[in-house]
Amino acid sequence: AMRIRTVPIEGAVGGEDLELVLEVGKFLPGLAEGLVGAEPGETRALPVDFPDAARFREKQPLAGCKALFEVTVKAVRTRTLPPLDDAFADRIRPGLTLADLEKEVEYTVGAQEDDKTKERVHAAIEDALIHHSTAPLPETVVVESARQKFAVMLADLRSRGTPDAQVKQMISPEGFDKYLKVVRPQVERDLRARLVVEAIARADAVVADPADVDDQLELVKRQYLQQEEQQDPHGASFNEERAREKIVAELVRLKVLDNVAAKAHITYTDPTPSPP
């Protein structure tokens, strides 16, 4: 466990009692390497570069920025793997054998890969549909969507332990303008995809199954209440109407894209490495 303080960059990240596996690629480049050999109680100042690859640049406004992380090591632990046998499987669930565990893991991993493939197919279909959308996007709509994403990012920073003073540094017209410049391409892409999908849903009379909506709403509500109980018992109440709107929109989106996928000719290829 360790305490990490970022000093001081606009929109910094940090936290208390973070656990970090000293493995290259597990966190920001330079952080794990700089902690090799550190002892409990030792504090190190580590220069770190936020990744500037395209996949980070779309979601992380600090992409390409340099930071100085002040890290205080509270404890150092060595991870050891137990023997993979029936006793290990039984500790996970009484009566479970190693053979059964291996089958469950294989099924779960396969299902996760199927989900990832489906997400990629949906994204590719949206990109193809966007090419048929020529209507201009009102600037007010783009800005409002970016503001919503900006608010979510700030809330996420707070939940990760970033001090309020550092978060407040970002809450300014200049801070939002910088953020908007970074996220504008993704925001415009998502808006165009949403408009096209909504148009198809209206034309084909696609609606969400009420039972599926209720199931998803109950799950989201439980997750929200559990999170609020852990972070802020006196926080904002659950907005059921807004949550239902989002769930309906997402279920309709998935139905539309599944329908298009069933009629489309899709060519699957091996993924290419992302550019550095």
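Let us look at the structure shown here. (Residues numbered from 1 in each chain as written. Predicted model: local features only at pLDDT ≥ 70, side-chain atom pairs only at ≥ 80, totals over all residues. Heavy atoms only, no water.)

So, on to the pattern of salt bridges. Within the structure shown, the criterion is met by 16 salt bridges. The salt bridge partner of Lys221 is Glu240, with a shortest N-O separation of 3.8 Å. Placement of Lys221 in helix H8 (residues 210-231) and of Glu240 in helix H9 (residues 240-263) is noted, with a sequence separation of 19 residues between them. Overall, Glu240 belongs to the partly exposed group, its relative accessible area being 35%. Among the charged side chains, a network of salt bridges with common partners joins Glu126, Asp127, Arg189, Asp190, Glu250 and Arg253. (Salt bridge = Lys/Arg side-chain N within 4 Å of Asp/Glu carboxyl O. Helix = DSSP H or I, 4+ residues; strand = E, 2+ residues; numbered from the N terminus. Buried < 20%, exposed > 50% of the residue type's maximum accessible area, 1.4 Å probe, protein only.)

Now for the nonpolar core. Val252 and Val256 are the most contacted members of the largest nonpolar core, which totals 17 residues. For this core, the secondary structure elements donating two or more residues are helix H4 (98-130), helix H7 (173-204), H8 and H9. In terms of residue count, the dominant contributor to this core is H9 (six residues). Those residues within four positions of Val252 in sequence are excluded, and the remaining contacts are Ala201, Val206, Val207 and Ala208. (Core = buried A, V, L, I, M, F, W, Y, C linked by side-chain atoms within 4.5 Å. Contact = heavy atoms within 4.5 Å.)

This part takes up the side chain of His122. Tracing the backbone through its elements, the reader meets His122 in helix H4. Apart from residues no more than four positions distant in its own chain, His122 is found in contact with Arg253, Leu254, Leu257 and Asp258.

Structurally, Ala151 can be placed in helix H5 (residues 139-159). What makes Ala151 partly exposed here is its relative accessible area of 45%. Put simply, Ala151 and Ile171 are 20 residues apart on the chain and 9.4 Å apart in space, counted from C-alpha to C-alpha.

A few words now on H5. Given a rise of 1.5 Å per residue, 21 residues ought to cover 30 Å, and the 30 Å separating the end C-alpha atoms of H5 matches this to within 8%. Listing the buried residues of H5 in full gives Val142, Val143, Ser145, Ala146, Phe150, Met153, Leu154 and Leu157. Contacts from the buried residues of H5 go to helix H6 (164-170) and H7. (Expected span 1.5 Å × (residues − 1).)

By themselves these figures say nothing about function.
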